Amino acid sequence: MTAPVEPKAELGGRLQRPGSATSTMVTSFQQVLGRHGLTMVTALAFALMAVQFGLDRQVALPAIRLPASLYLGAGALMLLFAAVFWRVRGMLSDAQQWKWLAYLLAISAIEEMAFRVFFPMFLSHVVEPNISVLVSNALFAGLHYVTLRWRLSNCVWVFFGGLGLARLFHETGDLALIIGVHWFATFLNTPTPPGSRRAIAGAHLVESEK
């Protein structure tokens, strides 16, 4: 007989702080879009405006270093990897899952532009460049604590992961590369939207009891 799934895992709350009488966990795709997605879009907008006002000139995105065909190929491999990953792990691969994968790509692009490009670019005119990277990544990690209710320990890992991406961007200057790395890492960390784990686990439990 299959052991019952822990409630926290059912809700997709592996990364989150436990709910309480005054605060609830993020348990749906819509909550992620509203709480985290819109916050990060706003952060990107403020970062871009800050750079433009601070430097008094238009800002162009960093160049893509490799042929576009390589990025398209890598994207296709990512889609194949996701499909195989879901199947091996016994997860559904319905429209909601593919929307989640597309969202992870979009939020990876938004976060990289905001916290690895524009915020450090602006802050470097106020503090030392290394400090600007630390501050930007601290803000990046802190927003995960607030919007997604992640545990502090997970936010610390996000901070150091952000530093690694900042280092990779410094070495390569390739925005598309760090977006792809971010997308892949985020998928491995959260391969399904909140709430879907419960449905999948429940289906498996019902099947095992037949």
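Residues numbered from 1 in each chain as written. Predicted model: local features only at pLDDT ≥ 70, side-chain atom pairs only at ≥ 80, totals over all residues. Heavy atoms only, no water.

*Asks:* I would appreciate a short explanation of helix H3 (residues 68-88) in the present structure.
*Replies:* For an α-helix the count is 3.6 residues per turn, leaving residues at separations of three or four pointing the same way. In a regular helix each residue adds 1.5 Å, so 21 residues correspond to 30 Å; H3 covers 30 Å between its end C-alpha atoms and thus fits that length. Every buried residue of H3 is listed here: Gly75, Met78, Ala82, Phe85 and Trp86. On an axial view of H3, the arc spanned by its buried residues comes to 90°, and they lie on one face. Counted as exposed and oriented over 90 degrees from the buried face of H3: Ser69, Leu77, Leu80, Arg87 and Val88. (Helix = DSSP H or I, 4+ residues; strand = E, 2+ residues; numbered from the N terminus. Expected span 1.5 Å × (residues − 1). Buried < 20%, exposed > 50% of the residue type's maximum accessible area, 1.4 Å probe, protein only. Arc of directions from axis to C-beta.)

*Asks:* What should I look at first to understand the nonpolar core in this one?
*Replies:* Nonpolar side chains tend to gather and get buried jointly when the protein is soluble and globular. Grouped together as the largest cluster of nonpolar side chains are 42 residues, with contacts concentrated most on Trp86, Leu101, Tyr103, Phe115, Phe118, Leu175 and Phe187. When residues of this core are traced back to their parent elements, those giving at least two are helix H2 (29-55), H3, helix H4 (95-123), helix H5 (129-147), helix H6 (152-172) and helix H7 (175-189). Residues within four places of Tyr103 in sequence aside, it is in contact with Phe29, Val32, Leu33, His36 and Gly37. (Core = buried A, V, L, I, M, F, W, Y, C linked by side-chain atoms within 4.5 Å. Contact = heavy atoms within 4.5 Å.)

*Asks:* Quick question: what am I supposed to make of the side chain of Asn137 here?
*Replies:* Examined against the element boundaries, Asn137 turns out to sit in helix H5. Among the polar contacts made by the side chain of Asn137, one reaches the main-chain carbonyl oxygen of Val133 at a distance of 2.9 Å. For Asn137, the contacting residues outside a window of four places in its chain are Arg116, Phe159, Gly162, Leu163 and Ala166. (Polar contact = N/O pair within 3.5 Å; in protein donor to acceptor, adjacent residues only side chain to side chain.)

*Asks:* What's the story with the packing of H5 against H6 in this structure? I'm lost.
*Replies:* Think of two packed helices as two axes; the pair is described by the angle between the axes and how far apart they sit. Viewed as axis vectors pointing N to C, H5 and H6 meet at an angle of 145°, and their least axial separation amounts to 8 Å. In this structure, H5 meets H6 at a crossing whose hand is right-handed. Each of Val133, Leu134, Asn137, Ala138, Phe140, Ala141, His144 and Tyr145 in H5 lies in contact with H6, whose residues at this interface are Leu152, Cys155, Val158, Phe159, Gly162, Leu163 and Ala166. Among the residues making up the contact of H5 with H6, the classes are represented as 12 nonpolar, three polar and no charged. (Axes fitted to C-alpha atoms, helices over the stretch in contact; angles between N-to-C directions. Left-handed = near helix turned anticlockwise from the far one by under 90°. Nonpolar A, V, L, I, M, F, W, Y, C, P; charged D, E, K, R; others polar.)

*Asks:* Help me understand the environment of Met91, please; the structure alone is not making it clear to me.
*Replies:* In this structure, Met91 sits in the loop between H3 and H4. With 101 residues separating them along the chain, Met91 and Thr192 place their C-alpha atoms 8.3 Å apart.

*Asks:* Just to check I follow, could you spell out H4 for this structure?
*Replies:* The first and last C-alpha atoms of H4 sit 40 Å apart over 29 residues, in line with the 42 Å expected at 1.5 Å per residue. The largest bend in H4 amounts to roughly 30° and is located at Ala114. (Bend = angle between axes of the 7 residues up to and from the residue.)

*Asks:* Just checking my understanding: could you explain the environment of Tyr145 for this structure?
*Replies:* On the secondary structure map, Tyr145 appears in helix H5. Take Tyr145: its relative accessible area is 33%, and that puts it in the partly exposed class. The residues touching Tyr145, leaving out its near neighbours within four places in the chain, are Arg17, Trp150, Arg151, Leu152 and Cys155.

*Asks:* So what exactly am I meant to see when it comes to a nonpolar patch on the surface here?
*Replies:* Residues Val126, Val127, Ile131, Leu134 and Val135 make up a contiguous nonpolar surface patch of roughly 390 Å² in combined accessible area. Note that Leu134 resides in helix H5. (Patch = residues over 30% accessible without salt bridge, like charges linked within 9 Å, V, L, I, M, F, W, Y side chains within 5 Å. Areas by Shrake-Rupley, 256 points an atom, 1.4 Å probe, with all protein chains shown as cover. Salt bridge = Lys/Arg side-chain N within 4 Å of Asp/Glu carboxyl O.)

*Asks:* Got a minute to help me understand the pattern of salt bridges in this structure?
*Replies:* Once their charged atoms are close, side chains differing in charge can pair, the charge on each being opposite to the other. This structure, assessed with the given rule, holds two salt bridges. The partner of Arg116 in a salt bridge is Glu112, with the nearest N and O atoms 2.8 Å apart. Of this pair, Arg116 and Glu112 are both found in helix H4, four residues apart, which corresponds to roughly one turn of the helix. On the basis of relative accessible area, Arg116 is assigned to the buried category, the value being 5%. Put simply, Glu171 and Arg167 hold a salt bridge, and the shortest N to O gap is 3.0 Å. Of the two residues, Glu171 and Arg167 both sit in helix H6, four residues apart, roughly one turn of that helix. Accessibility expressed as a relative area gives 51% for Arg167, which makes it exposed.

That is the geometry; function is a separate question.
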